[in-house]
Amino acid sequence: MNKDRFYKFILSSSVVVLIALVAVILVLLVENSLMSIKEFSYTMFTKNEWDPVQKSFLLISMPFALFLALFLGEYNTSGYIHNFVKSCVELLAGIPSLIYGFWGLFIFVPMIRDAQMYFGVIPYGVGLLTATLILAIMITPYSASLAQEVIRLVPRDLKEASYALGATRLETIRRIIIPYALSGLFAGVLLSLGRALGETMAVTMVIGNSNFIPKDLFSPANTMSSIIANEFTEATDPLHLSALIEIALILFVTTSVINLLGKYIIKKMVIK
Amino acid sequence: MENPILKLKNFNVYYDDVRVVNNIDINFEKNKITAIMGPSGCGKTTLLRAINRMHDFTPNARVEGEILLDNEDLNQMDAINVRRKIGMVFQRPNPFPTMSIYDNVISGYKLNGIKLKKAEQDEIVENSLTKSALWKEVKDTLHKRGSFLSGGQQQRLCIARTLAMKPEIILLDEPTSALDPIATQFIEELFLDLKKEVTLILVTHNMSQAARISNDTAFLYLGDLVEFGKTKRMFTTPENKRTEEYLIGKIG
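What you see is a predicted model; the values in this text were computed from it and never measured.

Calculation notes
Counting of residues starts from 1 at the beginning of each chain's written sequence and follows it residue by residue. Both sets of labels track the order of writing: A upward for chains, 1 upward for ligands. With pLDDT at 70 or above as the cut-off, local features in this predicted model cover only qualifying residues; side-chain atom pairs require 80 or more to be listed or tallied, and sums for whole chains, interfaces and linings still use all residues. Here the side-chain values reflect all heavy atoms present in the structure, with hydrogen atoms and water set aside. The helix count covers DSSP runs of H or I at least four residues long, the strand count covers runs of E at least two residues long, and both are numbered beginning at the N terminus. Based on C-alpha atoms, the radius of gyration is set beside the globule rule, defined as 2.2 Å times the residue count to the power 0.38. Exposure classes here rest on a 1.4 Å probe applied to the protein chains alone. A residue is buried below 20% of its type maximum, exposed above 50%, and partly exposed in between. Only heavy atoms matter for contacts: two residues are in contact if any of them lie within 4.5 Å across the pair. Only when DSSP finds a minimum of two bridges between them are two strands counted as paired. Buriedness for pockets is judged along seven lines, at least five of which must meet protein on both sides within 12 Å for an open set on the 1 Å grid over protein atoms alone, while cavities are sets there where a 1.4 Å probe fits but cannot get out, and lining residues have an atom within 4 Å of a point. Grid points are joined across faces, edges and corners, and a volume is the space filled by probe spheres set on the points. Only Asp, Glu, Lys and Arg are considered charged, only Ala, Val, Leu, Ile, Met, Phe, Trp, Tyr, Cys and Pro nonpolar, and every remaining residue, Gly among them, polar. Between N-to-C directions, angles cover 0 to 180 degrees, with each direction set by a line fitted to C-alpha atoms, over the stretch in contact for helices. Each crossing gets its handedness from the near helix: less than a right angle anticlockwise from the far helix is left-handed, clockwise is right-handed. Two parts placed together each lose some accessible area under a 1.4 Å probe, and the buried area is that loss summed for both. Throughout this description, the term salt bridge denotes a Lys or Arg side-chain nitrogen within 4 Å of a carboxyl oxygen of Asp or Glu. Whenever two N or O atoms come within 3.5 Å, that pair is a polar contact, provided that in protein one can donate a hydrogen and the other can accept it, and provided that, for residues adjacent in sequence, both atoms are side-chain atoms. Bend is computed residue by residue as the angle between axes fitted to the seven residues ending at the residue and the seven residues starting at it. Buried Ala, Val, Leu, Ile, Met, Phe, Trp, Tyr and Cys residues that are joined via side-chain atoms within 4.5 Å together make up what is termed a nonpolar core. Residues enter patches when their relative accessible area tops 30% and they take part in no salt bridge; the joining distance is 9 Å for like charges and 5 Å for the nonpolar side chains Val, Leu, Ile, Met, Phe, Trp and Tyr. Note on areas: Shrake-Rupley with a 1.4 Å probe; residue coverage comes only from the protein chains shown.

**Some points on the overall build of chain B**
Point 1. On a plain count of helices and strands, chain B comes out with 10 helices and 10 strands.
Point 2. In terms of C-alpha radius of gyration, chain B reaches 18 Å, essentially the compact-globule figure of 18 Å for 252 residues.
Point 3. Each of the three principal axes of chain B carries a C-alpha extent, and together these read 55 × 40 × 35 Å.
Point 4. The buried share of chain B, taken over its 252 residues, is 54%.
Point 5. Put simply, of all contacts in chain B between residues at least 6 apart along the chain, 68% involve residues at least 24 apart.

Structure follows, in structure tokens:
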């Protein structure tokens, strides 16, 4: 009995530590950004430099992730090919983002630079488009494995009923599997978005770090996290520091909300 | 055997190297209910799923022998065509949860990409629901989702969905085993009505169900077709000792 209590104490204290951690982070962020909030109120994001435009990667990444997920979750649910592709996906997900950044710097930047010369814009190479491509690649394994889980949740009963009515595989995917999994797939997109928003290293390396709202996809820009990574060491002015922390606060809140929303939708779907 | 619609000859089904259905010869008669009964694991569901080529989706399943539908070899036909001619109702009611009742009934056409005029659709939906004895209960809620229906109603919706495709044969895989006795009785009466226009093949582990509604019965045991004949005759004077043992509850 005493031993049982002891274990329970250990378990619950780690829970308390975890909750405290979240609270402490939140308090720290709020406290330190107060100065900047007072100074600029909330106009900072709309009025001038720091704009978190960074969503177009979803357009590139999602269809690819969905195809991967269908391949793994529906067409090849076991066997060598399944295992091989799945390990590849997991491997990609595990690569540190710094390496993606290097890869982007050496492969994408020259490619984009050529494209920019071709279109006759200033050939920075680095910029929003490059960062978008890198993010798309980085986030694909993550969203593919989420989507695959969701697709696997579609009951076998329903797929068989569809086949028994004479539907082909493609028809079954289009009309039964995707509609059934839709809310879960959407949640997967949200979770991927949450992840991409916070992605720092690779983006910082290829985005060009320019604090102006980008004119077009080729322009250098900045994301919330890349600004912090770039300027934190140079932020000697307390107001500058506080502004950076305010960005962190907003990043924290946005990613948390997106994550919670995504998880909530997935949970609802599983119970159904 | 007067008018067989479906004939199996030297029919075998394997999972990898294990033979689960052994060399079966059987003829199913048109517009009759043929029951396939036997204890769990005797291969009855495997046999049933071989008829509409559902094993195509199981990579390690293999089928040998002949199946003739109206004297045409099923294994040479396009599987999609086979499944349109031979419908299937499953053990657990499985209406599509993302579709309304109406769309569920018409789903076979939608899934196959067959475009119909609204009037034709309405007619098919009403006809099929009337035949499956569900029309009166759902005619005011056609465009709602089917998930609020009772288990028995859901199963009748699945029967309507199958009937809508105007199949020649309907395979029934223990269609009442997830239902209560009253819903079961209702559905059994429905089958007796339906056999006027379609051939029914019923897999059941419930021998009294076979006795109540089938014309012919096949008794399967460990993958062998032990006995096949008129239901009345088999239940009163079984020829095989194992059939008798199964009927009196000694094996099974």
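**Structural notes on the pairing of strand β8 (residues 199–204) of chain B**
Residues and elements named next belong to chain B.
Point 1. Counting buried residues along β8, six of its six residues qualify, which places the element largely inside the surrounding structure.
Point 2. Here β8 shows two buried faces, one formed by Thr199, Ile201 and Val203 and the other by Leu200, Leu202 and Thr204.
Point 3. Pairing analysis gives five bridges linking strand β3 (residues 33–37) to β8, with the strands arranged parallel. Considered in β8, the bridge of Thr34 is made with Ile201.
Point 4. The pairing of strand β7 (residues 169–173) with β8 spans five bridges and is parallel.

**Some details on the sheet that holds strand β5 (residues 72–73) of chain B**
All names here are of chain B.
Point 1. Spatially, the four strands line up as an open sheet ordered β2-β1-β4-β5, and their pairing is antiparallel. Bordering the open sheet on either side are β2 (18–29) and β5, each of which pairs with just one other strand.
Point 2. In this sheet, β2 lies alongside strand β1 (residues 4–15) in antiparallel orientation, the contact comprising eight bridges. The partner of Val13 across the bridge, within β2, is Val21.

**Examining the layout of surface pockets**
Point 1. Considered as a void within the structure, the largest pocket measures approximately 570 Å³ in volume.
Point 2. Along the walls of the largest pocket sit 19 residues, with Glu74, Thr77, Arg156 and Arg169 of chain A together with Phe57 of chain B positioned nearest its centre.
Point 3. Elements that contribute at least two residues to the lining of the largest pocket include exactly α3 (57–75) and α7 (156–164) of chain A.
Point 4. For the lining of the largest pocket, the per-class residue count stands at six nonpolar, five polar and eight charged.
Point 5. Here the lining of the second largest pocket is composed, by residue class, of six nonpolar, four polar and two charged.

**Considerations on the packing of helix α6 (residues 128–152) of chain A against helix α8 (residues 169–198) of chain A**
All names here are of chain A.
Point 1. Two elements in contact, α6 and α8, have axes separated by 9 Å at closest approach and are oriented at 145°. Once α6 is placed against α8, the crossing between them reads as right-handed. Along its contact with α6, which presents Leu135, Ile139, Tyr142, Ser143, Leu146, Ala147, Val150 and Ile151, the element α8 presents Ile177, Ala181, Gly184, Leu185, Gly188, Leu191, Ser192, Arg195 and Ala196.
Point 2. Across the contact of α6 with α8, the residue classes break down as 12 nonpolar, four polar and one charged.

**Focus: unusual backbone geometry**
Residues and elements named next belong to chain B.
Point 1. Even without being a glycine, Asn10 presents a positive backbone phi close to 40°.
Point 2. Positionally, Asn10 belongs in strand β1.
Point 3. Relative accessible area serves as the criterion here: at 45%, Asn10 is assigned to the partly exposed category.
Point 4. Phi angles above zero are rare outside glycine, and Asn31 is one such case at about 55°.
Point 5. Mapped onto the elements, Asn31 comes out in the loop between β2 and β3.

**Some points on the interface of chain A and chain B**
Point 1. The partner chain B presents 26 residues to the 18 residues of chain A that form the contact.
Point 2. Between chain A and chain B, a total of about 1800 Å² is buried, with carbon and sulfur atoms accounting for 66% of that surface.
Point 3. Put simply, Arg92 of chain B and Asp157 of chain A hold a salt bridge, and the shortest N to O gap is 3.6 Å.
Point 4. Where chain A meets chain B, there are four residue pairs in polar contact (both at pLDDT 80 or more).
Point 5. Of all the secondary structure elements, the ones that give two or more residues to the side of chain A that touches chain B are α7 and α8 of chain A.
Point 6. Looking at the side of chain A that touches chain B, the element that brings in the most residues is α7 of chain A, giving eight residues.

**Structural notes on helix α5 (residues 97–119) of chain A**
All names here are of chain A.
Point 1. At Gly104, α5 is bent by approximately 35°, the largest bend along its length.
Point 2. If you check which residues of α5 are buried, you get Ser97, Tyr100, Gly101, Gly104, Phe108, Val109, Ile112 and Gln116.
Point 3. Those residues of α5 that are buried lie in contact with α4 (79–94), α6 and α9 (201–206).
Point 4. Backbone geometry just downstream of α5 places Gly120 in the positive-phi region, at approximately 75°.

**As for the nonpolar core**
Point 1. Grouped together as the largest cluster of nonpolar side chains are 68 residues, with contacts concentrated most on Leu6, Phe11, Leu129 and Ile201 of chain B.
Point 2. Filtering out sequence-adjacent residues up to four positions away, Phe11 of chain B remains in contact with Val21, Asn22, Asn23, Ile24, Leu47, Ala50, Val63, Glu64, Gly65, Glu66 and Ile67 of chain B.
Point 3. Membership of the second largest hydrophobic core comes to 17 residues, among which are Leu29, Met224, Ala235 and Ile258 of chain A.

**Some details on the environment of Glu66 of chain B**
All names here are of chain B.
Point 1. By the secondary structure assignment, Glu66 is in strand β4 (residues 61–69).
Point 2. By relative accessible area, Glu66 is classed as partly exposed at 33%.
Point 3. Placed 57 residues apart in sequence, Glu66 and Lys9 show a C-alpha to C-alpha distance of 5.1 Å.
Point 4. Here Glu66 is in contact with Lys7, Leu8, Lys9 and Phe11, once residues within four sequence places are set aside.

**Overview of a nonpolar patch on the surface**
Residues and elements named next belong to chain A.
Point 1. Side chains of Leu92, Ile95, Leu98, Ile99, Phe102, Trp103, Phe106, Ile107, Met111 and Met201 sit close together on the surface and give an oily, nonpolar patch of about 910 Å² of accessible area.
Point 2. Looking at the nonpolar patch element by element, the count peaks at seven residues for α5.
Point 3. Here Trp103 lies in helix α5.
Point 4. Given the relative accessible area of 39%, Trp103 is considered partly exposed.

**Let's talk about the packing of helix α3 (residues 101–111) of chain B against helix α6 (residues 151–164) of chain B**
Residues and elements named next belong to chain B.
Point 1. Running from N to C, α3 and α6 point in directions that differ by 35°, and their axes come no closer than 7 Å. Seen from above, α3 lies across α6 with right-handed handedness. For the pair formed by α3 and α6, the contact residues are Ile101, Asn104, Val105, Ser107 and Tyr109 on the first element and Leu157, Ala160, Arg161 and Ala164 on the second.
Point 2. Of the residues contributing to the contact of α3 with α6, the split by class is six nonpolar, two polar and one charged.

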